[in-house]
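# Coordinates in review
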Amino acid sequence: MAAQYDLTTKIIPYLDRHLVFPLLSFLSEHEIFPAEELIKAQYELATHTHMVDYIASLYQQIHPGEEFSADFLKKREDAVATNARLSEETDPVMSVIQNPEVAQNLRQDKLQNFNYLKETFGVTSEQIIALYNMGQFQFSIGGYSAAADYLYHFRILYTPNDLLLSAQWGKLASEILSGNWDKALDELNKLKEVIESGLPIAASSAPTATNTPGSAALTQLQARSWLMHWSLFVYFNADDGRAALLETFLNSTYLNTMQTSCPWLLRYLAAASIISRKGNAGASRTVRTSLPTIVKLIQAEQYQYSDPITTFLTDVYVDFDFEQAQKSLKEAETVLDSDFFLWEFKGEFLENARYVVSEAYCRIHQRIDIADLSARLNLSPSEGEKWIVNLIRDSDSRSTLAGDAKIDLEQNVISTSKPSVPVYQSIIEKTKGLAFRTQVLGAALAKRGQGDVAAEEGAEKENVATTTGKGRRGGGKAAAAAATQS
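Residue numbers here run from 1 along each chain, matching the order of that chain's written sequence. Local features are withheld for residues below a pLDDT of 70 in this predicted model, meaning they are given only at 70 or higher, and side-chain atom pairs are given and counted only at 80 or more; totals for whole chains, interfaces and linings count all residues. Excluding hydrogens and water, the side-chain figures rest on all heavy atoms present in the structure.

The next thing to look at is the overall build of the protein chain. Helix numbers and strand numbers start at the N terminus; a helix is a DSSP run of H or I with at least 4 residues, a strand a run of E with at least 2. Each helix and strand in the protein chain was counted, giving 24 helices and three strands. The buried share of the protein chain, reckoned over its 486 residues, is 42%. By definition in these notes, contact holds between two residues if any of their heavy atoms fall within 4.5 Å. At a minimum sequence separation of 6, the contacts of the protein chain that also span at least 24 residues come to 62%. Accessible surface area values rest on a Shrake-Rupley calculation with a 1.4 Å probe, where residue burial reflects the displayed protein chains alone. Split by element, the accessible area of the protein chain, about 26100 Å² in all, is 52% carbon and sulfur. Each residue is placed in one exposure class: buried if its accessible area under a 1.4 Å probe, protein chains only, is under 20% of its type's maximum, exposed if it is over 50%, and partly exposed if it falls in between.

Listed below in structure tokens is the structure:
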């Protein structure tokens, strides 16, 4: 089942090859696919980089005892030569930029900074571009921290837009692979602003190149798709990343992107919503009300994608089939164990999934057998009893179990009472926005009425003018006829 629901083959096309290495290593460690196939896949990926030592180790695992080819030895020599050449080009400008006195004189204006360095230290535009080339090379050899440093200095000095977006993607990937999640989150937000700014995205700067005429919308769609996949690394590692994922993915623009090009991301949207279910009192309204929206989305997209995690939500909230939800939750454990982004959240997911089940179950039952509910939560009777007691004790004010649930230990049941809402309170809630809606409707009707009156007045004036003109033309013809007769 782990291989059946594995999303690696769907995610890889939207990632830089360096971001794929952690996924393949995870699959290898968890023995989800044959080790020989994974080593060959890693080797194929690595051959297009300059990580010569890593390539050598993989080659020896695939071909033990064989000597390296001449092409590989030449690649190693080229990598060493390229590193020496780029170091020679970038060392002078890096020594200037990293000088504390120089750093204090730099401002927000890139052009002003470049002119200052050019006039004071003779820094040229070619040296600035060399920073980009060095960052790209360091990334290619696996020096991700150094790549992030070079690309950062390049971006604060380079003014044209042709390489900036590419550098921004590279900086984000470098921070991800370095494990600097706060910086990665900051880079992700900056990149999202660039994509959504409406500025034209050069295909040569984006990860996916689309140069056909009229391809701006397609390029933007591809950029959003890449961003959503890259963001999984950040959102499932950064603090409060799951809430940030919900905020981003539930934005209408990104929802459309998901439905159009990558519906499998519904797994991570659903998982983030379940993980964030408890303890989100301080979260935004989007996060707190995300689950109903996601359930509707899963229903709409189940013809394209479904797995035990998404099915679990429809079992609970659509079909109210708690026996099937129990089976789906059991299968979801296997999916979580084999998912690179979710396996560390297995405990949180199961805890919150049980909370989801118990809340929905108690919403439609007033008298609940603890043993039966424990079985539906995949817990033993003793574990289920402890878990339910803790749940009732810790429930917040918005929970179904808050303040109105009682446990009868003699009969081993939970009794819930749903307080009736006064009639006047129901009327107030339903008519709360009625005055505002009436005012808006009245304004719209008044505006339309003024438009109709103006149109009628204009038509009357036009009719009067037409009639007058016809009378004058008729009078002229009558005078001419009279003159002819005389």
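What follows concerns the nonpolar core. The definition of a nonpolar core used throughout is a set of buried Ala, Val, Leu, Ile, Met, Phe, Trp, Tyr and Cys residues joined through side-chain atoms within 4.5 Å. Ranked by internal contacts, the top residues of the largest apolar core, which has 104 residues, are Leu269, Phe312 and Phe349. For leucine 269, the contacting residues outside a window of four places in its chain are Leu245, Leu246, Phe249, Leu250, Leu255, Met258, Ile294 and Leu297. Within the second largest apolar cluster, 22 residues are counted, among which are Ala79, Phe114, Val123 and Leu131.

Tracing the backbone through its elements, the reader meets lysine 327 in helix H19 (residues 322-337). Note on lysine 327: relative accessible area 52%, which makes it exposed.

On to the packing of helix H18 (residues 308-317) against H19, then. Orientation is described by axes fitted as lines to C-alpha atoms, over the contacting stretch for helices, and by angles from 0 to 180 degrees between their N-to-C directions. Interaxial distance between H18 and H19 falls to 8 Å at its minimum, and their mutual angle equals 160°. Relative to H19, H18 is oriented roughly antiparallel. Considering only the axes of H18 and H19, their crossing is left-handed. Packed against H18, whose contacting residues are Pro308, Ile309, Thr311, Phe312, Asp315 and Val316, the element H19 presents Phe322, Gln324, Ala325, Ser328, Leu329, Glu331, Ala332, Val335 and Leu336 at the interface. We call two directions roughly parallel when the angle between them is under 35 degrees, roughly antiparallel when it is over 145, roughly perpendicular when it lies between 65 and 115, and oblique otherwise. Crossing handedness: left-handed means the near helix sits turned counterclockwise from the far one by under a right angle, and right-handed means the same turn made clockwise.

Salt bridge, as applied in this entry: a Lys or Arg side-chain nitrogen positioned within 4 Å of an Asp or Glu carboxyl oxygen. Considering all chains together, one arrives at 12 salt bridges under this definition. Here arginine 224 ties to glutamate 196 by a salt bridge, and the two come within 2.7 Å at their closest N and O atoms. Of the two residues, arginine 224 sits in helix H12 (residues 216-235) while glutamate 196 sits in helix H11 (residues 181-196), which places them 28 residues apart along the sequence. With relative accessibility at 13%, the residue arginine 224 sits in the buried group. In this structure, aspartate 337 and lysine 346 form a salt bridge, with 3.2 Å as the shortest nitrogen-oxygen distance. Overall, the relative accessible area of 36% leaves aspartate 337 in the partly exposed class. The partly exposed category is assigned to lysine 346, whose relative accessible area is 22%. Here the residues in one salt-bridge network are Arg155, Lys171, Glu175 and Glu187, joined through shared partners.

The next point concerns the environment of valine 318. The residue valine 318 is located in the loop between H18 and H19 in this model. A sequence separation of 22 residues divides valine 318 from lysine 296, and the C-alpha atoms of the two residues are 9.0 Å apart.

The phi torsion of most residues other than glycine is negative, and most of the peptide bonds are trans. Within the chain, glutamate 31 stands out as a residue other than glycine whose phi angle is a positive 55°. In this structure, glutamate 31 sits in the loop between helix H2 (17-29) and helix H3 (35-46). Despite not being glycine, phenylalanine 320 has its phi angle at roughly 50°, a positive value. Topologically, phenylalanine 320 is positioned in the loop between H18 and H19.

Buried residues of helix H13 (residues 241-249): Gly241, Arg242, Leu245, Leu246, Thr248 and Phe249, and no others. With its buried residues spanning 165° around the axis, H13 presents them on a single face. Those residues of H13 that are buried lie in contact with H11, H12, helix H14 (252-261), helix H15 (266-275), helix H16 (285-288) and helix H17 (290-301). Here the arc refers to the directions that run from the helix axis out to each C-beta atom.

Ring pairs are drawn from Phe, Tyr and Trp, using the six-membered ring of Trp, whenever the two centres fall within 6.5 Å, and their geometry is named by plane angle: stacked under 30 degrees, edge-to-face over 60, tilted for the rest. Overall, the coordinates contain 22 aromatic pairs when judged by the stated rule. Aromatic pair phenylalanine 26 and tryptophan 343: ring centres 6.0 Å apart, planes at 40°, arrangement tilted. Of the two residues, phenylalanine 26 is situated in helix H2 and tryptophan 343 in the loop between H19 and helix H20 (346-364); the sequence distance between them amounts to 317 residues. The exposure class assigned to phenylalanine 26 is buried, which follows from its relative accessible area of 5%. Judged by its relative accessible area of 37%, tryptophan 343 is partly exposed. Ring pairs connect the aromatic residues Phe26, Phe233, Phe236, Tyr268, Phe340, Phe341, Trp343 and Phe345, which therefore count as one cluster.

In this section: the confidence of the model for the protein chain. Detailed reading of the predicted model is not advised wherever pLDDT is low. What pLDDT conveys is the predictor's confidence in a given residue, as a value from 0 to 100. Per-residue confidence for the protein chain gives a mean pLDDT of 82, with 81% of residues at or over 70. Between residues 470-486, whose pLDDT stays under 50, and residues either more than four places distant or in other chains, the model counts zero contacts.

What follows deals with the packing of H11 against H12. Where H11 meets H12, the closest approach of the two axes is 10 Å, and the angle between their N-to-C directions is 165°. Between H11 and H12, the angle falls in the class roughly antiparallel. Of the two possible hands of crossing, H11 and H12 adopt the one that is left-handed. Note on element contacts: H12 touches H11 through Gln220, Ala223, Arg224, Leu227, Ser231, Phe233, Val234 and Tyr235, opposite Trp181, Ala184, Leu185, Leu188, Leu191, Lys192, Ile195 and Glu196. Three classes are used: nonpolar for Ala, Val, Leu, Ile, Met, Phe, Trp, Tyr, Cys and Pro, charged for Asp, Glu, Lys and Arg, and polar for all others, with Gly counted as polar. Looking at the contact of H11 with H12, its residues break down into 11 nonpolar, two polar and three charged.

Turning to the side chain of threonine 90, a few remarks are in order. Relative to the helices and strands, threonine 90 is located in helix H5 (residues 70-97). Using a relative accessible area of 0% as the deciding quantity, one classes threonine 90 as buried. Beyond its immediate stretch of four places on either side in the chain, threonine 90 contacts Ala130, Leu131, Met134 and Tyr150.

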